[in-house]
Amino acid sequence: MSNTDFEDITEQLHTIADYCRYGASLFNQAELFYGHGSDNALSEAFTLVMFSLSLSEDMSDEVMNCRLLKQEKQNILTLFQQRVDTQQPVAYITNLAYFARLPFYVDERVLVPRSPIGELIENHFAPYFSEQNSPQRILDLCTGSGCIAIACASYFPEAEVDAVDLSIDALDVAQLNIENHGLSEQVIPIQSDVFSGVVGQKYDLIVTNPPYVDQEDIDSLPAEFTHEPEMGLGCGEDGLDIVRVILAESALHLNDDGILICEVGNSQYHVEALYPEVDFTWLSFERGGHGVFTLNKAQLEKHAELFIAAVIN
């Protein structure tokens, strides 16, 4: 939009509701993709409008009819234009994403948090853990922004949480989020290539959202995903290069009653094809999401030879 376009728009649109509607129409006309915390144009427009105005998204409906100052209108239009021109996910524009009802700083060094594992954390991983049997040591493998580790620490305040990632850039973001949530004594960021940085450590729960996108899906991802670090998305032809290692080595890092919870998304098909003998428990979610399985230590040990062979071969 040119300055002249801005002037014309600001003369015709006046309220917060006007700009939310206009942004939604603009985004739909641009055929943007919504998959980083929202699933529709109106939600993204609303988020950008409220961010620009420094207002909470849970403001009362009456606020939607408030009229805007000219500079406020121009600021909003600038954000709309950035979303259309760059096709950046909204979370990278605002540097803010919510996960398990908690706020996190994000930028292009990390994936935008969106895992259905957040729902599991909010439910305290029931039925696998209870108030009388909560995890005391948790490992967040491939932590990225640190959202899973920090959410686990927030919902299990007595637990010690290790947050590991190979990427130093990701760990820098995780450290910032750990400090922002006041959890520096509870959540420890560790550089690690899968389990290499936690040799000899054992946990009650290993929870992981590793890279798992297969090459076919990588080649067809919408433009919004190209802003995310590729090492956080793709992982080999079938997407399972890291998942193979996780399955082969998790039992060594679990206490006797420990469990592994792992997200593989659309690569669930590849997991089931690669390990037909394994009785994975695939979890369901009220708020949507799929491709998350759980195995306990006994199951991992039962199929140890199969898992190790998959890594070697």
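Every chain's residues receive numbers from 1 upward, in the order its sequence appears when written. Since the coordinates come from a predicted model, pLDDT governs what is reported: local features require at least 70, and pairs of side-chain atoms require 80 or more to be given and counted, while whole-chain, interface and lining totals use all residues. For the side-chain quantities, the full set of heavy atoms in the structure was used; hydrogens and water were omitted.

1. Some thoughts on the packing of aromatic side chains
Inclusion rule: Ring pairs are drawn from Phe, Tyr and Trp, using the six-membered ring of Trp, whenever the two centres fall within 6.5 Å, and their geometry is named by plane angle: stacked under 30 degrees, edge-to-face over 60, tilted for the rest. Runs of H or I in DSSP of at least four residues are treated as helices and runs of E of at least two as strands, each being numbered from the N terminus. Using a 1.4 Å probe on the protein chains alone, a residue whose accessible area is under 20% of its type maximum counts as buried, one over 50% counts as exposed, and one in between counts as partly exposed.
One pass over the structure, following the stated rule, counts 9 aromatic pairs. Arranged with centres 6.0 Å apart and planes meeting at 15°, the rings of phenylalanine 125 and phenylalanine 156 form a pair that is stacked. Linking phenylalanine 125 in the loop between α6 (117-122) and β3 (137-141) with phenylalanine 156 in the loop between α7 (147-155) and β4 (160-165), this pair joins segments that are 31 residues apart in sequence. With relative accessibility at 1%, the residue phenylalanine 125 sits in the buried group. Plain terms: the ring middles of tryptophan 282 and phenylalanine 293 are 5.5 Å apart, the flat faces sit at 75° to each other, and that makes the pair edge-to-face. Pair noted here: tryptophan 282 is in strand β8 (residues 281-282) and phenylalanine 293 is in strand β9 (residues 292-296), with a separation of 11 residues, a long-range link. Here the aromatic cluster, defined as three or more aromatic residues joined through ring pairs, consists of Tyr275, Phe280, Trp282, Phe293 and Phe307.

2. With respect to the nonpolar core
Worth spelling out the cut-off: Grouping buried Ala, Val, Leu, Ile, Met, Phe, Trp, Tyr and Cys residues that are joined through side-chain atoms within 4.5 Å yields what is termed a nonpolar core. Contact between two residues is taken to exist if any of their heavy atoms lie within 4.5 Å; hydrogens are not considered.
With 31 residues, the main nonpolar core has Phe125 and Val207 as its most contacted residues. Among the elements of the structure, β2 (102-104), α6, α7, β4, β6 (203-208) and β7 (254-263) are those that each provide at least two residues to this core. By residue number, the principal contributor to this core is α7, which donates 7 residues. Those residues in contact with valine 207 that sit more than four places away from it in its chain are Ile117, Phe125, Ile138, Leu139, Asp140, Leu141, Ile148, Cys152 and Ile261. Counting residues in hydrophobic clusters, the runner-up holds 29 residues, among them Phe195, Phe280, Leu295 and Leu300.

3. Digging into the packing of helix α2 (residues 16-29) against helix α4 (residues 70-86)
In helix packing, the relevant descriptors are the interaxial angle and the interaxial distance, both defined with respect to the helix axes. Just so we agree on the cut-off: All axes here are fitted lines through C-alpha atoms, helices being fitted over the stretch that makes contact, and every angle between N-to-C directions spans 0 to 180 degrees. In these notes the angle categories are as follows: under 35 degrees is roughly parallel, over 145 is roughly antiparallel, 65 to 115 is roughly perpendicular, and the rest is oblique. Crossing handedness is defined as follows: a turn of the near helix away from the far one that is anticlockwise and smaller than a right angle gives a left-handed crossing, while the clockwise case is right-handed.
Two elements in contact, α2 and α4, have axes whose closest approach is 10 Å; the angle formed by their N-to-C orientations is 20°. In terms of axis orientation, α2 runs roughly parallel to α4. Our pair here, α2 against α4, has a crossing hand that is right-handed. The residues of α4 that touch α2, namely those facing Tyr19, Tyr22, Gly23, Leu26 and Phe27, are Lys73, Ile76, Leu77, Phe80, Arg83 and Val84.

4. With respect to the side chain of arginine 83
Put simply, the rule reads: Between N or O atoms, a polar contact is any pair within 3.5 Å; within protein, one atom must be a potential hydrogen donor and the other a potential acceptor, and residues adjacent in sequence are included only when both atoms are from side chains.
As for its placement among the helices and strands, arginine 83 is situated in helix α4. Residue classification places arginine 83 among the buried positions, given a relative accessible area of 0%. At a separation of 3.1 Å, a polar atom in the side chain of arginine 83 contacts the main-chain carbonyl oxygen of glutamine 88. Arginine 83 has contacts with Phe27, Leu32, Phe33, Tyr34, Glu44, Leu48, Gln88, Val90, Ile93 and Glu224, leaving out every residue within four places of it along the chain.

5. Remarks on a nonpolar patch on the surface
The test is simple: Distance thresholds for patches are 9 Å for like charges and 5 Å for nonpolar side chains (Val, Leu, Ile, Met, Phe, Trp, Tyr), applied to residues having over 30% relative accessible area and no salt bridge. Note on areas: Shrake-Rupley with a 1.4 Å probe; residue coverage comes only from the protein chains shown. A pairing counts as a salt bridge when a side-chain nitrogen of Lys or Arg comes within 4 Å of a carboxyl oxygen of Asp or Glu.
Together, Ile308, Val311 and Ile312 make up an exposed nonpolar region whose accessible area comes to about 280 Å². Turning to its location among the elements, isoleucine 308 is positioned in helix α13 (residues 304-312). Taking relative accessible area as the criterion, isoleucine 308 reaches 41% and is therefore assigned partly exposed.

6. Some remarks on the environment of alanine 174
Take alanine 174: it is sitting in helix α8 (residues 168-180). What makes alanine 174 buried here is its relative accessible area of 0%. Once the C-alpha coordinates of alanine 174 and asparagine 28 are considered, the two residues, 146 residues apart in sequence, prove to be 33 Å apart. Those residues within four positions of alanine 174 in sequence are excluded, and the remaining contacts are Thr143, Gly144, Ser145, Gly146 and Ile150.

7. Some thoughts on unusual backbone geometry
If a residue is not glycine, its phi is most likely negative; likewise, a peptide bond is most likely trans. Residue proline 127 is bonded to the preceding alanine 126 through a cis peptide linkage, with omega at 5°. Mapped onto the elements of the fold, proline 127 is located in the loop between α6 and β3. Non-glycine residue glutamine 87 carries a positive phi angle of around 55°. For glutamine 87, the position within the fold is in the loop between α4 and α5 (90-94). Accessibility expressed as a relative area gives 27% for glutamine 87, which makes it partly exposed. Phi at valine 194 is positive, roughly 55°, even though this residue is not glycine. As for its placement among the helices and strands, valine 194 is situated in the loop between β5 (187-191) and β6.

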